[in-house]
Amino acid sequence: METASTASATSTADPYLRVQDLRVRFRTEDGVVRAVDGVSFAVERGRTLGIVGESGSGKSVTSLAVLGLHDPRRTEITGEIQVGGREIVGLADSECRKLRGRDMAMVFQDPLSALHPYYPVGRQIAEAYQVHHRGVGRRAARRRAIEMLDRVGIPQPARRVDEYPHEFSGGMRQRVMIAMALVNDPDLLVADEPTTALDVTVQAQILDLLADLQTEFNSAIVLITHDLGVVSQVADDVLVMYAGRAVEHGSVEQVLRRPQHPYTWGLLSSVPSLHGDADADLLPIAGNPPSLINLPSGCAFHPRCRYAAENGDRSKTEVPELRPVSETGHLVACHLSEAERQRRYAEEIASVGVAR
């Protein structure tokens, strides 16, 4: 029988990326870390999925699983991950390496750590190109590197191709990372917190660049972030994760304008709005994310949820499933009734003076 979460992942007409019931566990001396627990989603070419949540929610672990970057010796991965119809789970590392860079690529959060400090950026981009184009010589690969630096907006690319990562600003290093990720025209781009360390102006430039390049390449993008402002600017769909599970999934309009889960309310209430009361206090989510080794029983959010008691002991004993809020693909995992969620969210918005 197909669950609501399965339906959400398979409702897309022709997704390039399809993730089905993904579970990722790490074995440690303290116990098993259930980093991702039954997550499903799909992304078409030309669309962007934003995955949001606090640190430890499972966002980055999910993205690394999609790229096949987890160490199989210490990681247990089950479920399905299909990229262009190719199953990633259980695929040999040598086969994953053939897909990475050519069919799928990743932009990491810290380009200074991801780029090799001892090699010019152009050489690193050229080598990423030559890995998947064995017959291409050094001169042709260098021309391709210059072309990509120009495409991502780095001035004087023919000169800067020979410079080292430390000679670039943070924003320019991130552009280099994007150039390296796109040098082989992949159909799937995973960006893990690509604007976290950048100032607001540079952040906007990077987001505009990703949007422009997506239009050019018609790529599917998965954007990992904790910043709902970033999601509202560039994403088409949103997956909200908490403690390794999906708690809400839908379009940007649905999740950010008509959120259904108390955790999503908390994320929105802790972000200032240009349209609300400037003097209103923000309401951070009480408490801390749970340990993924020792998750709370039932709904993992219940120790921090102000409305858990309204369900009696149900929140403590029963894990809520993703269920449709409407026929338009909006899903939520919450024990509150839809009418109760609507009423409570109206109170949340009124309490912080936010006009969403």
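Please refer to the structure higher up on the page.
Residues numbered from 1 in each chain as written. Predicted model: local features only at pLDDT ≥ 70, side-chain atom pairs only at ≥ 80, totals over all residues. Heavy atoms only, no water.

Some remarks on the pattern of salt bridges
Next up, step 1: On inspection of all chains with the given rule, the structure shows 28 salt bridges.
Next up, step 2: The partner of E76 in a salt bridge is R27, with the nearest N and O atoms 3.6 Å apart. Residue E76 is found in strand β4 (residues 75-83), and its partner R27 is found in strand β1 (residues 17-28); the two are separated by 49 residues along the sequence.
Next up, step 3: Judged by relative accessible area, R27 falls into the exposed class, the value being 61%.
Next up, step 4: In this structure, R344 and E340 form a salt bridge, with 3.3 Å as the shortest nitrogen-oxygen distance. Taken together, the positions of R344 and E340, both in helix α14 (residues 338-352) and 4 residues apart, correspond to about one turn of that helix.
Next up, step 5: We classify R344 as buried; its relative accessible area is 17%.
Next up, step 6: It is possible to trace a salt-bridge network through shared partners that takes in D21, R23, R25, D37 and R245. (Salt bridge = Lys/Arg side-chain N within 4 Å of Asp/Glu carboxyl O. Helix = DSSP H or I, 4+ residues; strand = E, 2+ residues; numbered from the N terminus. Buried < 20%, exposed > 50% of the residue type's maximum accessible area, 1.4 Å probe, protein only.)

Some remarks on the pairing of strand β3 (residues 48-52)
Next up, step 1: Counting buried positions along β3 gives 5 out of 5 residues, so the element sits mostly inside the fold.
Next up, step 2: Taking every second residue as pointing to the same face, both faces of β3 are buried, with T48, G50 and V52 on one and L49 and I51 on the other.
Next up, step 3: The pairing of β3 with strand β8 (residues 220-225) spans 5 bridges and is parallel. Following the sheet pairing, L49 is matched in β8 by V222.
Next up, step 4: Note that β3 and strand β9 (residues 237-242) share 4 bridges and pair parallel. Opposite G50, over in β9, you have V238 as the bridge partner. (Pairing = 2+ DSSP bridges.)

A look at the nonpolar core
Next up, step 1: L17, F41, I81 and L188 are the most contacted members of the largest nonpolar core, which has 66 residues in total.
Next up, step 2: Here this core gets 6 residues from one element, more than from any other, and that element is strand β2 (residues 31-43).
Next up, step 3: Excluding residues within four positions of it along the chain, L17 makes contact with F41, A42, V43, V66, I81, Q82, V83, L188 and V222.
Next up, step 4: The next biggest cluster of nonpolar side chains, apart from the first, holds 36 residues, and it includes L115, I125, A181 and I221. (Core = buried A, V, L, I, M, F, W, Y, C linked by side-chain atoms within 4.5 Å. Contact = heavy atoms within 4.5 Å.)

Concerning the environment of V247
Next up, step 1: Following the sequence through the fold, V247 ends up in strand β10 (residues 245-251).
Next up, step 2: Separated by 54 residues in the primary sequence, V247 and F301 have C-alpha atoms spaced 9.4 Å apart.
Next up, step 3: For V247, the contacting residues outside a window of four places in its chain are V240, Y242, H261, Y263, L322, L331, V332 and A333.

Focus: the sheet that holds strand β5 (residues 86-87)
Next up, step 1: The strand order β2-β1-β4-β5 describes an open sheet built from 4 strands, whose pairing is antiparallel. One side of each edge strand has no neighbouring strand; the edge strands of this open sheet are β2 and β5.
Next up, step 2: Here β4 pairs with β5 via 2 bridges, running antiparallel. Within β5, the position partnered with Q82 by the bridge is E87.
Next up, step 3: Docked against the sheet, helix α2 (residues 59-66) engages β1, β2 and β4, running at close to 110° with respect to β1. (Axes fitted to C-alpha atoms, helices over the stretch in contact; angles between N-to-C directions.)

Describing unusual backbone geometry
Next up, step 1: Despite not being glycine, Q156 has its phi angle at roughly 50°, a positive value.
Next up, step 2: By secondary structure assignment, the location of Q156 is in the loop between α6 (138-151) and α7 (157-160).
Next up, step 3: Among the residues examined, Q156 registers a relative accessible area of 51% and is labelled exposed.
Next up, step 4: We note that A243 has phi near 50°; this positive angle belongs to a residue other than glycine.
Next up, step 5: Note on placement: A243 falls in the loop between β9 and β10.

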